[in-house]
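Observations on the three-dimensional arrangement
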Amino acid sequence: MRHPHYELDETQALELLAAASTVHLATTTSAGAPVLRALHAVVLDGAVWFHGSPDGEKADVVGQPAVVSAEQVITAIPSYFVDAKRACPATTYYRAVQAHGRVTRAEDRTDKARALAALMAKHQPEGGFAPLEPESPLYANMLDYLLILRVPIERLDGKCKLGQNRSPKQLTQIIERLWQRGAPGDDHAIEALRAANPAVPEPEFLRAPAQLRLHCALGERHVESAVELVAGEYWNAGISRETLAQAHRGASAWVGACDASGRLVATARAVSDGAKFAYIADVAVAREGRGSGVGKALLRLLLDHPSLRRVQGVRLGTADATEFYRAFGFTETSRIKRSFTSVEMLLLR
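Computed from a predicted model, the values in this text were never measured in an experiment.

The five strands are arranged β10-β11-β12-β13-β14 in an open sheet whose pairing can be described as mixed. Every other strand in the sheet has two partners, leaving β10 (213–215) and β14 (313–315) as the edge strands with one partner each. Going across the sheet, the axis of each strand differs from the next one's by a mean of 20 degrees, ignoring polarity. Two strands pair when backbone bridges link them, and β10 and strand β11 (residues 253–258) are joined in this way by three bridges, in the antiparallel orientation. Its bridge partner being in β11, L214 is matched across the sheet by A257. Most of the contacts of helix α7 (residues 241–249) go to strand β12 (residues 264–272), to which it runs at about 70 degrees, and overall it touches β11, β12 and β13 (277–285).

Spatially, the five strands line up as an open sheet ordered β2-β1-β5-β6-β9, and their pairing is antiparallel. Pairing within the sheet leaves two strands with one partner each, and these edge strands are β2 (34–39) and β9 (155–161). For this sheet, the mean inter-axis angle between neighbouring strands, taken without regard to orientation, is 15 degrees. Relative to strand β5 (residues 65–77), strand β1 (residues 23–28) runs antiparallel, the two sharing three bridges. Within β5, the position partnered with H24 by the bridge is S69. Where helix α1 (residues 10–19) meets the sheet, it contacts β1, β5, β6 (91–102) and β9, and its direction lies at approximately 90 degrees from that of β6. Sheet contacts for helix α5 (residues 186–196): β5 and β6; angle to β5, the most-contacted strand, approximately 110 degrees.

Tallied over the full model, the rule gives six aromatic pairs. The interplanar angle of 5 degrees and the centroid separation of 4.6 Å between the aromatic rings of W179 and F205 together place this pair among those described as stacked. In this pair, W179 is assigned in helix α4 (residues 168–181) and F205 in the loop between α5 and β10, connecting sequence segments 26 residues apart. A single burial state applies to W179 and to F205, both of which are buried. Between F324 and Y325, the ring centres sit 5.0 Å apart and the planes meet at 80 degrees, which makes this aromatic pair edge-to-face. Exposure remark for Y325: the relative accessible area of 9% places this residue in the buried category. One aromatic cluster is present, formed by F324, Y325, F328 and F330 through successive ring pairs. The ring of W179 is capped by R309, whose NZ or CZ atom sits 5.3 Å from the centre of that ring.

The rules behind the values
Residues numbered from 1 in each chain as written. Predicted model: local features only at pLDDT ≥ 70, side-chain atom pairs only at ≥ 80, totals over all residues. Heavy atoms only, no water. Pairing = 2+ DSSP bridges. Helix = DSSP H or I, 4+ residues; strand = E, 2+ residues; numbered from the N terminus. Axes fitted to C-alpha atoms, helices over the stretch in contact; angles between N-to-C directions. Contact = heavy atoms within 4.5 Å. Phe/Tyr/Trp six-rings, centres within 6.5 Å; stacked < 30°, edge-to-face > 60°. Buried < 20%, exposed > 50% of the residue type's maximum accessible area, 1.4 Å probe, protein only. Lys NZ or Arg CZ within 6 Å of the ring centre and 35° of its normal.

Right under this line is the structure:
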C-alpha cells in the first residue's frame with residue numbers, strides 16, 4: 001500500500017530524475033527479450049531523452065513500454081543504530097524515482113539537436129564545443145546517423161525512505177549516531193532526515209538559542225545567503241563574491257543557523273585534512289542575531305564536526321574576537337612553545 005509520507009511530489013521526483021548523472025532503462029525488445037541499460041539522459045518537454053546507435057539494441061525497443069529509474073543513496077544505517085542485537089533494522093535511506101512511458105524515436109532534426117544540446121549542457125556544462133544547431137554542417141552527419149529516443153512520461157512515481165517508520169526517539173538516536181560515526185556525507189544525511197521528519201526533537205548537539213535552528217551541513221541553496229553575510233566583513237575586503245561562493249562550496253565543513261522563516265542568520269566554515277590541520281574561516285552572525293549565543297553554538301558545532309573533531313591543530317585569524325575564541329581554548333600562536341623554531345609563510349595569488 002502506498003504511504004503519502006514516503007512519496008515524493010511530482011516536482012521533487014522530476015528534479016531527482018533530471019539531476020541524476022546516470023539513469024536506468026528497463027524495457028523489452030520487439031521479441032520480448034528483457035533490456036536493462038544504464039544511460040546518460042535528460043528530461044526535456046515532459047520526456048526522458050537518450051541516444052544510441054541505429055544498429056544497436058536500443059533500435060529494437062522503439063514502441064515498447066519502458067521504465068526509466070534513478071536513485072540517490074542518502075546513507076547506510078547499520079542495525080546497531082536501532083537495536084543492539086537484531087540484524088533486521090539494517091537499512092539504506094534513499095530517494096528514488098520511476099518514469100513510465102513508451103519508447104519513441106525522434107525524427108525531427110531540430111528535436112534531435114535540442115536533445116543532444118541538453119545532454120552536453122548537463123554533462124559538459126563548461127562548454128568547449130561548437131553549438132549543437134540543427135543546420136550546422138559540423139553536426140550534419142551525426143544528426144542524420146544518431147538514434148535519438150525518448151520516453152514521454154505517462155506516469156511518475158517518486159519515493160523516499162528517510163526513517164519515516166521510526167519513532168521520534170529512534171530518529172533522534174539515529175541522527176546522534178550518524179553524527180558520532182561521522183562518515184563522509186553523514187552530516188548531509190542528518191539534514192535530509194531532519195527535513196523529512198520535521199517533528200523530531202533536536203538532538204543535543206544541534207540545540208540552538210530560541211527561535212533559531214542549527215544546521216550541521218549547508219549546501220548550494222545557502223551559498224548566496226552566506227556570501228551576503230560575509231562579503232562585507234573586514235577579512236574579505238577585495239575578495240569577489242564569486243570567490244567567496246566557491247570557497248563555501250569547497251569547505252570541508254560548513255555549518256549555520258536559520259531563523260524561523262528559514263533565513264540564514266549565521267555561518268561558519270572550515271577546511272581540514274581531518275588529522276593534522278584545519279583552518280576556520282568566514283564565521284559571521286547577522287547583526288540582529290549577535291549577543292544571542294548563536295555564535296558560540298555555531299563554533300561549538302563546527303569544532304565537533306567530523307572533519308575537525310580529531311584534528312591536532314585548528315587555526316584561525318581574527319582582529320577583533322580574540323576573547324571569544326580564547327574561551328574555546330584557542331591561543332595566540334606567538335605564545336605556543338615548540339621544540340623547534342619556525343616562520344609562518346603565506347603565498348598570495
